[in-house]
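# Inside the fold
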Amino acid sequence: MTTPDLSTPDLSTPDLTTPDLSTLDLTGLATRPAQSWGAVRLVPLVREQPITDLRLHRRLYPSDGGPSVVRLDDRSTYTSYIPHGFVADWTRDGTAAAAYGTQLDVAEHPRSVPLQPRGQHRMARREDRTRLRFLPLHLALEGYLALHFNGPVIAWREWSQRAIRQGLSPRAEEAYFGGEVSGLADALRIFEIHPGQCGVLLYVADALAAAFVVPHPEDYRALHPSLLHDLYGELVHHYTALMLPLPAFRASIPGPGIRTLAQLRAAAEQQEREWAEFHDTTMAAGLLADEHTVSTVYRMGRFTLNRFLPGFQLKRENHLGETITDEHGRLAYLKTFRLSENQTRRGHLLSRLAAHDWHLARTAEALGVTEAVLGLRLESAGFGRLLRQDVLDGFRKQVRAGSGPTASRPV
Amino acid sequence: MESHADLIAADDVLLFVNAAITATGQREFHAGAGAQRLSLGFLHEYLRVNYRELYAATLALGCNDHNAALIIQALLVHADEAAPAERRTEGALIARRLLTLPPQRVYRLFGQLRRAKVNNRRTRAIIRDWLAARPEPAFDAVKYRSGLKAALRHTHLAPTEAELGDFLFAPKRRAHYDAPLLDAWRRAHYEQPALYELPFTVAEGFAAKHGIARGAFLERIAPRLTRLEQLRLQESARAHGAQAPAADLARMPLTRLASYTLALPTAERRERRAELTAALRAAAVRAAGPLRGRWGTVAAVLDDSFSSYGSGTKRRRPLAVALAAHHLLAELAQRYTAHWTSGRTDALLAHPLGPTPLGHRVLDALETSPDLVVIVSDGWDNAPPGLAAEVLRVHRTRLDPGHRTSVVHLNPVYDAEDFDVRRLAPGVPTAGLRDAEDLPALVELAQFAQGRTGLAELRAHLDARVAAFLSQETR
């Protein structure tokens, strides 16, 4: 279990300077048949043409079980269990890069860099001219935690002093450690990696839980076990614990009309194509079709490290994550985290509030509820301390007095 | 007219035979050792309680040593359940099977009988007869000292020679033994050269006690190594710089040799290609025997996907069986083609890697229009799942309704969850396979089992096998 939280106030603007709406582009990655074990289904993604001028490598941070602290700026920190960081190596001239630690000439760079003292981590840190170390998923999660972190932009009278002074700090969210997700370790262990495989989509009870894409098949082979050390949303944990084993999507060839082996072979190949199409348009639609708010974190040669946030639409899949894309916007690296319903609700409320300059009445109107209901909804989402106590009490009284059916109407 | 119960009985027995051939109670790729043992334990008890006679008869059917020991133990522990008429056959079967078991397994079995407090007259007689048939009591006393001691103590048998009794129970009573092996054991306690007269496993302990360097020890003990010890210690001896004579690979059993080959690094396999291929071929020729070149056109689909790695305790076992089957089928067939699931063609460099696109490989195999397709795989068809079953079904119903091509699936892995080896398709006979050497018999048995076997037919088959087994010469 991981509890990232931001414990000191941050009054600078969050790193969403150039928000940009876009969808994920899986061009060059082909879907192969899924392998399932228990409630977990893993869908391999195979790259016909591996990317050679960007390579990823994992660096383990042996921890004593306690959380690590990442310094975001002078006044804010991000605290979480962080098992590893990724090191990206790229070349500027398009020649093949080698994953960090595998070069012959490592004299000037020590093979393993000792763990920095607490508080010295950075989310993304340039280590060399063509080398960047970043903390996978935490980069994206931090973007979510820092969402409208400053709190109200206008000091309307409903907001508490604390909300005005400290914003949302400290902000905490919970996630599950992959090792705790029952059946995930076995599913990853017995998974048969395809030749040329560069990514995987992880489904739990056929709900997309995480996506992971790397530039090169050898990077994937090395990083496949790292999926076990990652963070997973609440939903993943519940679904693996409660779900019965999934049936496989078994191939079925209709017999009539097949007279030769060639026709049989064509029918077999048709099966694979149908599966890939079904998967891309139906199973992964929640990730691939929806638009995300993308912000750039770092530029490295022709590649860009971005993080993205979902649209926070209720009752929909909401994935946040980070990508490395090339100059054409094609994916070289992708890692996503699925938000739970509660996390989506929190993101939704915050983004709605921000869209209306944190004015309660206007936000409530836009959501189609009364101000009191919105106030209580904020409280149940864990933002009760942002409202003044007397205002909150007033809202409670109004709702109890029976402000009618609006009180229970969902957004 | 066969009753429903009879059909179920026949199914149960065939299922148990598959399990008894493949399961070893060790960890497999998909299931842990605990699950394997639990599943196997249930199956043994189910068979013993419901079909005791057939259960005993499976001892004659080539079940593996692990299961043979389990069956014998269960039969002896629950001796009172046997009808008087069954006892005679059971006793004969047990005695006969014990002779083919490796002695260390037999001594372990005796130890387990002792722990289970089984000491009936029949058990004592069986132990007595087995011990009396051992060719060299002094050798057993040295190599299996604790095992023999426990067996004698449990059954209250007197050792055949007085010297042996002292050796086992009061070794310090004598200053000298007449039997050279016993005396070597006495001297090895303080005299280094004496330990080289002892069997390897015993000498190993003394070598550690005397602090002899491993390389020097392996070099001098080489003449005392058994055939399999020689194979097992080849690479270790080389690594320690011992100048031991290389094992004669051509004399090794086929599947063991395949395991040995697959344990070598790829570069070395490439370097010793001629030697290894020749050895594998010689072993295959020996295993094929009179059937060599009698099988017409054969296409094999061999599984070298990642799951053929097996587990840490059964390293590369499924792949080794596939490699051995590849060489054996090449000898049995007139025309032979191999289709590895990975698409590679060099069998010697086989390596467990990648998914299992069995369906596509079966199509490749069928394209060579063979008389027989042999599939050696653990049955986890996953790229895409179930395609092999569909291909085989459509081929049988649409393209080959006349059964010109027969298909057999041989599975080296016991599936703990299903109490059977994993099947590919309902219409394709599946048999468990432990050693590739048994392949010809299993292919024939599987084809025979393709039609639904009735109990009467199965009983007749079993009776014939039991009679043949009991009348066989030992070894």
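Structure shown above.
### Regarding the overall build of chain A
Scanning chain A from terminus to terminus reveals 11 helices and 20 strands. The 411 residues of chain A split such that 51% are buried. Residue pairs at least 24 apart in sequence account for 69% of intrachain contacts in chain A once pairs closer than 6 positions are excluded. A total of about 18200 Å² of accessible surface is found on chain A, and carbon and sulfur atoms cover 52% of it.

### A word on the environment of K117 of chain B
Inspection of the secondary structure puts K117 of chain B in the loop between α6 (103-115) and α7 (121-133). When the C-alpha atoms of K117 of chain B and V77 of chain B are compared, they prove to be 8.6 Å apart, with 40 residues separating the residues in sequence.

### Some remarks on the pairing of strand β17 (residues 292-300) of chain A
Residues and elements named next belong to chain A. Sheet analysis places strand β2 (residues 20-22) next to β17, joined by 3 bridges and oriented antiparallel. Bridge pairing links D20 to V294 in β17. Here 7 bridges tie β17 to strand β18 (residues 303-309), and the two strands are oriented antiparallel to one another. If you follow Y298 over to β18, its bridge partner there is L305. Adjacent in sequence and paired antiparallel, β17 and β18 are bridged by 2 residues, among which G301 carries a positive phi angle near 60°.

### Quick look at the nonpolar core
Ranked by size, the top nonpolar core spans 129 residues in total, and within it L98, L198, F217 and L439 of chain B carry the most contacts. Top element by residues in this core is helix α18 (residues 317-332) of chain B. It accounts for 10 residues. In this structure, L135, L235, F303 and L305 of chain A belong to the second largest nonpolar core, which totals 56 residues.

### Concerning the packing of aromatic side chains
Residues and elements named next belong to chain B. Applying the stated criterion across every chain yields a total of 26 aromatic pairs over all chains. Over the ring of F167 we find R145, and its NZ or CZ is 5.2 Å from the ring centre. The ring of W380 is capped by R422, whose NZ or CZ atom sits 3.7 Å from the centre of that ring.

### Quick look at the environment of L137 of chain A
All names here are of chain A. Turning to its location among the elements, L137 is positioned in the loop between β11 (131-134) and α1 (138-145). Note: C-alpha distance between L137 and E322 (185 residues apart in sequence) is 7.0 Å. Among residues more than four places away in sequence, those in contact with L137 are D230, L231, E322, K335, T336 and F337.

### Focus: the interface of chain B and chain A
At the junction of the two partners, chain B supplies 30 residues and chain A supplies 29 residues. The junction of chain B with chain A conceals about 2500 Å² of combined surface from both sides, 62% of it contributed by carbon and sulfur atoms. Three residues, L363, P385 and L399 of chain B, lead the burial of chain B against chain A; their summed loss comes to 21% of the area buried on that side. Across the pair R265 of chain A and E367 of chain B runs a salt bridge, and its minimum N-O distance is 3.3 Å. The tally of links between chain B and chain A comes to 11 residue pairs in polar contact (both at pLDDT 80 or more). Contributing elements (two or more residues each) for the side of chain B that touches chain A: α19 (358-367) and α20 (387-399) of chain B. Here the side of chain B that touches chain A takes 9 residues from α20 of chain B, the largest share from any one element.

### Here's the deal with the sheet that holds strand β4 (residues 406-411) of chain B
Residue and element names in this part refer to chain B. The sheet built from 5 strands is open, its strands ordered β2-β1-β3-β4-β7 with parallel pairing. One side of each edge strand has no neighbouring strand; the edge strands of this open sheet are β2 (335-340) and β7 (430-432). Direction aside, neighbouring strands of the sheet carry axes that sit 20° apart on average. Bridging between strand β1 (residues 297-302) and β2 involves 6 bridges; their strand directions are parallel. In the sheet register, A299 faces β2, and the bridge partner there is T337. Its contacts with the sheet put helix α1 (residues 4-22) on β4 and β7, and the angle it makes with β7 is roughly 40°. The sheet contacts of α18 involve β1, β2 and β3 (372-376), and relative to β2 the element is tilted by about 160°.

### A closer look at α1 of chain A
Within α1 of chain A, 8 of the 8 residues are buried, which leaves it mostly tucked inside the rest of the structure. Among all positions of α1 of chain A, only H138, L139, A140, L141, E142, G143, Y144 and L145 of chain A are buried.

### Some remarks on the pattern of salt bridges
Residue and element names in this part refer to chain B. Scanning the entire structure with this criterion turns up 51 salt bridges over all chains. R344 is the salt-bridge partner of D304, the closest N and O atoms lying 3.1 Å from each other. With D304 in the loop between β1 and α18 and R344 in the loop between β2 and α19, this pair connects stretches of sequence that are 40 residues apart. Through salt bridges with shared partners, a single ionic network connects R48, R52, E81, E90 and R122.

Calculation criteria
Residues numbered from 1 in each chain as written. Chains lettered and ligands numbered in written order. Predicted model: local features only at pLDDT ≥ 70, side-chain atom pairs only at ≥ 80, totals over all residues. Heavy atoms only, no water. Helix = DSSP H or I, 4+ residues; strand = E, 2+ residues; numbered from the N terminus. Buried < 20%, exposed > 50% of the residue type's maximum accessible area, 1.4 Å probe, protein only. Contact = heavy atoms within 4.5 Å. Areas by Shrake-Rupley, 256 points an atom, 1.4 Å probe, with all protein chains shown as cover. Pairing = 2+ DSSP bridges. Core = buried A, V, L, I, M, F, W, Y, C linked by side-chain atoms within 4.5 Å. Phe/Tyr/Trp six-rings, centres within 6.5 Å; stacked < 30°, edge-to-face > 60°. Lys NZ or Arg CZ within 6 Å of the ring centre and 35° of its normal. Buried area = accessible area lost by both parts, 1.4 Å probe. Salt bridge = Lys/Arg side-chain N within 4 Å of Asp/Glu carboxyl O. Polar contact = N/O pair within 3.5 Å; in protein donor to acceptor, adjacent residues only side chain to side chain. Axes fitted to C-alpha atoms, helices over the stretch in contact; angles between N-to-C directions.

The values are spatial; any link to function lies outside them.
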